[in-house]
Amino acid sequence: MFTNEEQAGVYKAIFNRRDIRSFLPDPISKDTLYKILEAGHHAPSVGFMQPWSFIVVSNPDIKERLAWAADKERRALAVHYEGEKENKFLSLKVEGLKEAPYTICVTCDPTRGGSHVLGRNSIPETDILSTACAIQNMWLAACAEGLAMGWVSFYKKNDIRDILEIPPHVEPVALMSIGYTDQYPDKPILETAKWEKRRSMDDLIFLDKWGEK
Ligand SMILES: Cc1cc2nc3c(=O)[nH]c(=O)nc-3n(C[C@H](O)[C@H](O)[C@H](O)COP(=O)(O)O)c2cc1C
């Protein structure tokens with residue numbers, strides 16, 4: 001059983017967690033970093049396959065190369081927008097990959113556990129979903145530790161495989177920058193920038209059948 005205070009702590013992490021792009025150079029203790037990775041490793045996974053690995057990057061040259069790969073992709077994606085929307089897209093987020101003391105590449109190995117992982121035969125992408133659960137656990141743990149994280153998924157997977165020497169069958173699912181920040185907003189950055197807003201819960205909840213209220 002959770003005490004009321006413990007329950008409040010869980011919800012506080014869920015509601016306060018934000019995607020952060022701006023990091024201070026202050027170091028993170030190895031113990032804290034380990035606790036956050038351990039939170040990731042305790043996520044649920046299909047058939048308990050635990051498909052994740054964590055590449056903890058602190059080398060500035062490697063971080064620079066990761067930032068290059070993300071920036072190249074961001075500029076390529078800008079072609080999907082025109083005029084003002086393009087400028088807004090390009091100015092929206094400045095990646096924190098170089099500034100954050102660590103960037104953790106979270107990977108997914110679809111071959112882990114062999115070819116008959118319990119429950120994965122019907123929905124193969126459950127391995128990636130399991131990895132996303134690990135990432136969310138890390139994000140919440142980081143928030144509870146007073147740390148900020150930013151999820152970068154703008155990159156070509158093969159660029160990241162080349163830079164981090166990841167084998168071809170392993171998926172680089174996310175680059176998670178982590179560090180302390182002095183800019184922890186209370187709303188998503190994309191909401192403040194008027195790019196998107198949070199949808200109304202009422203429109204998302206149905207009773208018994210799709211569309212029924
Ligand atoms: C799967 C996934 C991929 C994401 N990729 C990026 C990304 O490449 N660049 C970025 O700036 N934010 C990225 N984000 C962060 C989202 O923009 C952010 O979660 C969303 O705007 C809501 O804000 P919040 O996390 O502060 O609540 C990603 C988030 C998720 C869950």
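Details of the structure are given in the entry above.
Structural notes, computed from the coordinates. (Residues numbered from 1 in each chain as written. Predicted model: local features only at pLDDT ≥ 70, side-chain atom pairs only at ≥ 80, totals over all residues. Heavy atoms only, no water.)

The number of helices and strands found in the protein chain is seven helices and four strands. Reading the helices (α) and strands (β) of the protein chain from amino to carboxyl end gives α-α-β-α-α-β-α-β-α-β-α. Computed over C-alpha atoms, the radius of gyration of the protein chain comes to 19 Å, within 12% of the 17 Å expected from 2.2 N^0.38 for 213 residues, which places it in the range of a compact globule. Looking at the protein chain as a whole, 38% of its 213 residues are labelled buried. Within the protein chain, residue pairs in contact and separated by at least 24 positions form 79% of the contacts whose partners lie at least 6 positions apart. Averaging the locations of the 27 positively and 31 negatively charged side chains of the protein chain gives two centres separated by 3 Å. (Helix = DSSP H or I, 4+ residues; strand = E, 2+ residues; numbered from the N terminus. Rg over C-alpha atoms; globule rule 2.2 N^0.38 Å. Buried < 20%, exposed > 50% of the residue type's maximum accessible area, 1.4 Å probe, protein only. Contact = heavy atoms within 4.5 Å. Lys, Arg positive; Asp, Glu negative; His and termini not counted. Charge placed at Lys NZ, Arg CZ, Asp CG, Glu CD.)

Turning to the site of the ligand, a few remarks are in order. Every one of the eleven residues lining the ligand counts as a neighbour, but Arg17, Arg18, Asp19, Trp151 and Ser153 are closest to it. Contacts to the ligand include Ser153, whose backbone N or O atom sits 2.7 Å from an oxygen atom. Contacts to the ligand include Phe154, whose backbone N or O atom sits 3.2 Å from an oxygen atom. Relative to its unbound accessible area of 620 Å², the ligand is 72% covered by the protein chains. Tallied by class, the residues present in the shell around the ligand amount to five nonpolar, one polar and five charged. (Near = heavy atom within 4 Å. Polar contact = N/O pair within 3.5 Å; in protein donor to acceptor, adjacent residues only side chain to side chain. Areas by Shrake-Rupley, 256 points an atom, 1.4 Å probe, with all protein chains shown as cover. Nonpolar A, V, L, I, M, F, W, Y, C, P; charged D, E, K, R; others polar.)

Moving on, we get to the sheet that holds strand β3 (residues 148-152). If you walk across this open sheet you meet the four strands as β1-β2-β4-β3, and the pairing is antiparallel. Edge positions in the sheet fall to β1 (52-57) and β3, since each has one partner strand and no second. Within this sheet the neighbouring strands show an average axis-to-axis angle of 25°, counted without direction. With seven bridges connecting them, strand β2 (residues 102-108) and strand β4 (residues 171-179) associate as antiparallel partners. Residue pairing across strands places Thr103 opposite Ser177, the latter belonging to β4. The sheet contacts of helix α6 (residues 157-164) involve β1, β2 and β4, and relative to β4 the element is tilted by about 70°. (Pairing = 2+ DSSP bridges. Axes fitted to C-alpha atoms, helices over the stretch in contact; angles between N-to-C directions.)

Time to look at the packing of aromatic side chains. Per the counting criterion, the structure on display carries four aromatic pairs. Between Phe206 and Trp210, the ring centres sit 4.6 Å apart and the planes meet at 70°, which makes this aromatic pair edge-to-face. With a relative accessible area of 29%, Phe206 lands in the partly exposed category. Note on Trp210: relative accessible area 78%, which makes it exposed. The ring of Trp139 carries Arg17 above its face, with NZ or CZ at 4.2 Å from the centroid. (Phe/Tyr/Trp six-rings, centres within 6.5 Å; stacked < 30°, edge-to-face > 60°. Lys NZ or Arg CZ within 6 Å of the ring centre and 35° of its normal.)

Let us look at the pattern of salt bridges. In the structure shown here, the tally under the stated rule is nine salt bridges. Residue Arg21 pairs with Asp19 through a salt bridge whose shortest N-O separation is 2.8 Å. Just as Arg21 is buried, Asp19 falls in that class too. (Salt bridge = Lys/Arg side-chain N within 4 Å of Asp/Glu carboxyl O.)

Judged by side-chain polarity, Phe2, Val10, Tyr11, Ile14 and Phe15 come together as a nonpolar surface patch covering roughly 530 Å² of accessible area. By secondary structure assignment, the location of Tyr11 is in helix α1 (residues 4-16). (Patch = residues over 30% accessible without salt bridge, like charges linked within 9 Å, V, L, I, M, F, W, Y side chains within 5 Å.)

Even without glycine at this site, Glu165 takes up a positive phi of about 55°. Checked against the element boundaries, Glu165 lands in the loop between α6 and β4. Of the residues examined, Glu165 reaches a relative accessible area of 71% and is grouped as exposed. Even without being a glycine, Asp208 presents a positive backbone phi close to 70°. Here Asp208 lies in the segment after α7 (189-192). Classification of Asp208 as exposed rests on a relative accessible area of 78%.

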